[in-house]
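Structural overview
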Amino acid sequence: MALSFTQQTDLRVRKTIGRGHMSSNRLEKAVEVYAGILEDYPEDTEALLVLGDLYLAAKDYATAAKLYDYALSLDAENQEILSRLRLARAEDSDSEPEEVPTHPDAISRLLQRLTGSSKPISEDEIQRAANLLHSIIHSTDPANEVADHLDDIDALLPALIELNIRQARFDGRQDLVEQLKDLQTNILLQQNLNPKKETAPETPPNPAPGLETSPRRDDPAKGVEVTASERFRGRVFVMVANNQRLSQRTIVLRDALQLQGCEVHVISEIRGGTLPKPDVIITSNPHQAPRLLESLAACSAVRIPIVLDLDDDFEHVPVSHPAYAQIGLGTMNSAKAYTASLLLSSMVTVPSQMLANHLKSAGYNARYAPDGWTRANPLWQRRPGFRPRVQIGWLGQAGLFDDIASVRRVIIRTLREFANTQLVIGGSRQVFQMFDAVPDDRRVFLPPVEVSDYPYLLDQVDILMLPLRNTPYNQSVSDRVLVEAGVKHIPWLASPMPAVTTWQAGGLVAETPEEWHTLLRHLVMDAELRMRLGDAGLSRAGSREAYALGKQWVHLLEEVIQTAKNWKKQG
């Protein structure tokens, strides 16, 4: 039976929340959401497959097969469902399937199998964890203390988190308690699904794309294992046009490398004899300052490896972009400078996987280095107080005038429908004037601020909008806006560009004006939905803090330095 428009919207919202919980490792909440979907929409094949996959992971093959079989009856030509069904039936199982897989008792048994929660953390483990934590904190060399006890930390990780849960509960931080419980649940899940074998240790896997989580890795140049304490901690020059006005990306990069023990100098020019020779140079958008290209050419001539960090897709900046005159490639000089910077670099880093793919297809050694945030700015962890109005905001980040214009009518309509709302426009007076039809007491303009004060602007928003038209420029836009919204616990509503659909956590995706209106109404009316989405975004944003990103940057620098050494040997 066809679903009504209201039912379709409800289903989409709930699936988005479920995916957000899954991507943020909030397993119990994800199972609860998908079980609820099947209670209300029993013929939804996506939910049947998700729940079937979870039962399969829990080794309840009979129930998994039951769910897959029902999904196949709804979509008989779907080969993906058929392959899953064959996989479940291939496992020998004498057990009976759950009579009602979505029943609370069945879900409870599923979670017990997945998380191992039926085996509680013992007080002995908690005491051992406390002793280990005490020895690390009071050690004269904490880094080596951690390196010496990696196996103990791995084994006692759930107990270490339990200590933090108890402290958070004592401090009255119930929000932190819930986040830590979700983290603990996911770790228990991983330990139960991938138990350690008592055989000889296996060779560590290669780091997955994105954030590197393994404390050890293989050095392909030496053929030996490198410990965390032996990683690159050398001298890095970060060259920018103006070292007194750094971009958010450069600030995070600087902090990330410093947290990994690197010696970082942020400079705008190289003067002979004033600084020691660097191991590597990272330069940000040098084509915008031709004098930087001269310095880079000199460094390249003496074979200092150069990493070119581009924070935007300059090749596809539209002429209508407000900063096109400064960042576009519309003149011969700017285009030549951009090409020269690419040719001088040993590696190109960009904040978007789509942009990395584009540059790779053009023959450049391009890598995805995601955007993030840094705890060094205390405003990121500040929380605003209560306010009676729901503030719907657009802060002029990735979106352009034409992007926000595409949903102007939807926004005005929503403001008229809900008297408890207020519009917040930041950064663009032109966009603010677009909403002259909105009474002055229902709209607020926030002028541009320094990078360090930007978190304060986000504090003025309860729902963040990111409308993006389907253009080449928007296709390669970074997910920074969504990450920053997550840090600030702000739910978002955005268009389905690659960065949005890949990040997912913390918001909803709308394609048509009708969907924008329906989902914006949902967010205004449902405070609990805003809270759940904010929780999912905050949980995911932790993976983009400077310390975590630093591990990936160090890995990239090691690679480019080793490549330069190999070239020297060959040359």
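The structure under discussion appears in the preceding block.
Let us look at the structure shown here. Each chain has its residues counted from 1, running along the sequence as written. Only residues with pLDDT of at least 70 are given local features in this predicted model, and only at 80 or more are side-chain atom pairs given and counted; all residues enter the totals for whole chains, interfaces and linings. Computation of side-chain values: all heavy atoms of the structure, hydrogens and water removed.

A word on the overall build of the protein
Defined as follows: A run of H or I in DSSP becomes a helix once it reaches four residues, and a run of E becomes a strand once it reaches two; helices and strands are each numbered from the N terminus. Categorising residues by exposure relies on relative accessible area from a 1.4 Å probe, with only protein chains included: less than 20% of the type maximum marks a residue as buried, more than 50% marks it as exposed, and the intermediate range marks it as partly exposed. We get accessible surface area from the Shrake-Rupley algorithm with a probe of 1.4 Å; when it comes to residues, only the shown protein chains can shield them.
Broken down by element type, the protein carries 26 helices and 14 strands. Expressed as a percentage of the 571 residues in the protein, the buried residues total 48%. Roughly 28400 Å² of accessible area belongs to the protein as shown, and the carbon and sulfur atoms make up 51% of that amount.

Let's talk about the nonpolar core
Keep this limit in mind: In this description, a nonpolar core means a group of buried Ala, Val, Leu, Ile, Met, Phe, Trp, Tyr and Cys residues linked to one another through side-chain atoms lying within 4.5 Å. The contact definition used throughout considers only heavy atoms, calling two residues in contact when any of these lie within 4.5 Å.
Within the largest apolar cluster, 65 residues are counted, with the highest numbers of intra-cluster contacts made by Leu-110, Ile-404 and Phe-435. Element by element, the count of residues in this core is highest for helix H3 (residues 45-57), at eight residues. Setting aside residues up to four positions removed in sequence, Ile-404 forms contacts with Trp-394, Ile-411, Val-431, Met-434, Phe-435, Met-465 and Pro-467. Membership of the second largest hydrophobic core comes to 27 residues, among which are Tyr-454, Val-461, Leu-482 and Val-500.

Overview of the packing of helix H2 (residues 27-40) against H3
We count it as follows: Each axis is a line fitted through C-alpha atoms, taken for helices only over the stretch in contact, and angles between the N-to-C directions span 0 to 180 degrees. If an angle is under 35 degrees, it is roughly parallel; if it is over 145, roughly antiparallel; if it lies from 65 to 115, roughly perpendicular; otherwise it is oblique. Put simply, a crossing is left-handed when the front helix is turned counterclockwise from the back one by less than a right angle, and right-handed when it is turned clockwise. As a working rule, the residues Ala, Val, Leu, Ile, Met, Phe, Trp, Tyr, Cys and Pro are called nonpolar, Asp, Glu, Lys and Arg charged, and the rest polar, with Gly in that last group.
Here H2 crosses H3 at 135°, and the two axes come no closer than 9 Å. Between H2 and H3, the angle falls in the class oblique. Crossing handedness for the pair H2 and H3: left-handed. Contacts between H2 and H3 involve Leu-27, Val-31, Tyr-34, Ile-37 and Leu-38 on the former and, on the latter, Glu-46, Ala-47, Leu-48, Val-50, Leu-51 and Leu-54. Here the residues of the contact of H2 with H3 are counted per class, giving 10 nonpolar, no polar and one charged.

Regarding the environment of Thr-9
Tracing the chain through its elements places Thr-9 in helix H1 (residues 5-23). Spatially, the C-alpha atom of Thr-9 lies 7.7 Å from that of Glu-515, the residues being 506 residues apart in sequence. Dropping the residues within four chain positions of it, Thr-9 is found in contact with Thr-518, Leu-519 and His-522.

Here's the deal with the packing of H3 against helix H5 (residues 79-90)
Angle between the axes and distance between the axes: these two values describe a pair of packed helices. Where H3 contacts H5, the axes come no closer than 11 Å and their chain directions differ by 25°. One way to sum up the angle between H3 and H5 is to call them roughly parallel. In terms of crossing hand, the pair formed by H3 and H5 is left-handed. Contacts from Leu-49, Asp-53 and Leu-56 in H3 reach Ile-81, Arg-84, Leu-87 and Ala-88 in H5. Counted by class, the contact of H3 with H5 contains five nonpolar, no polar and two charged residues.

With respect to the side chain of His-287
Position of His-287 relative to the elements: it lies in the loop between strand S5 (280-284) and helix H13 (290-301). Residue His-287 is classed as buried on the basis of its relative accessible area of 7%. Each residue touching His-287, except ones within four places of it in the same chain, is listed here: Leu-310, Phe-314, Ile-327, Leu-329, Ala-337, Tyr-338 and Ser-341.

Section: the sheet that holds strand S9 (residues 390-394)
Hydrogen bonds between backbone atoms are what pair the strands of a sheet, whose relative direction is either parallel or antiparallel. Using the following cut-off: By definition, two strands form a pair when at least two bridges between them are found by DSSP.
Taking strand neighbours across the sheet as the criterion, the six strands line up as S11-S10-S9-S12-S13-S14 in an open arrangement whose pairing is parallel. Each of the sheet's edge strands pairs with one partner strand only, and the pair in question is strand S11 (443-446) and strand S14 (507-509). This sheet shows a mean twist of 20° between the axes of neighbouring strands, independent of strand direction. As defined by bridge partners, strand S12 (residues 463-466) adjoins strand S13 (residues 492-494) across three bridges and the pair is classed as parallel. Bridge pairing in S13 links Leu-464 to Trp-492.

A closer look at the sheet that holds strand S7 (residues 347-350)
Taken together, the six strands give an open sheet; going across it, the order is S4-S3-S5-S6-S7-S8, and neighbouring strands pair in parallel fashion. Every other strand in the sheet has two partners, leaving strand S4 (263-267) and strand S8 (366-368) as the edge strands with one partner each. Taking the axes of each pair of neighbouring strands and ignoring which way they run, one obtains an average angle of 25° across the sheet. When S5 meets strand S6 (residues 306-309), the two strands line up parallel, connected through four bridges. When the sheet's bridge partners are listed, Ile-281 is paired in S6 with Ile-306. Those strands touched by helix H12 (residues 248-259) are strand S3 (235-239), S4, S5, S6 and S7, and its axis lies near 155° from that of S4.

Keep in mind that these numbers describe shape and distance, not what the molecule does.
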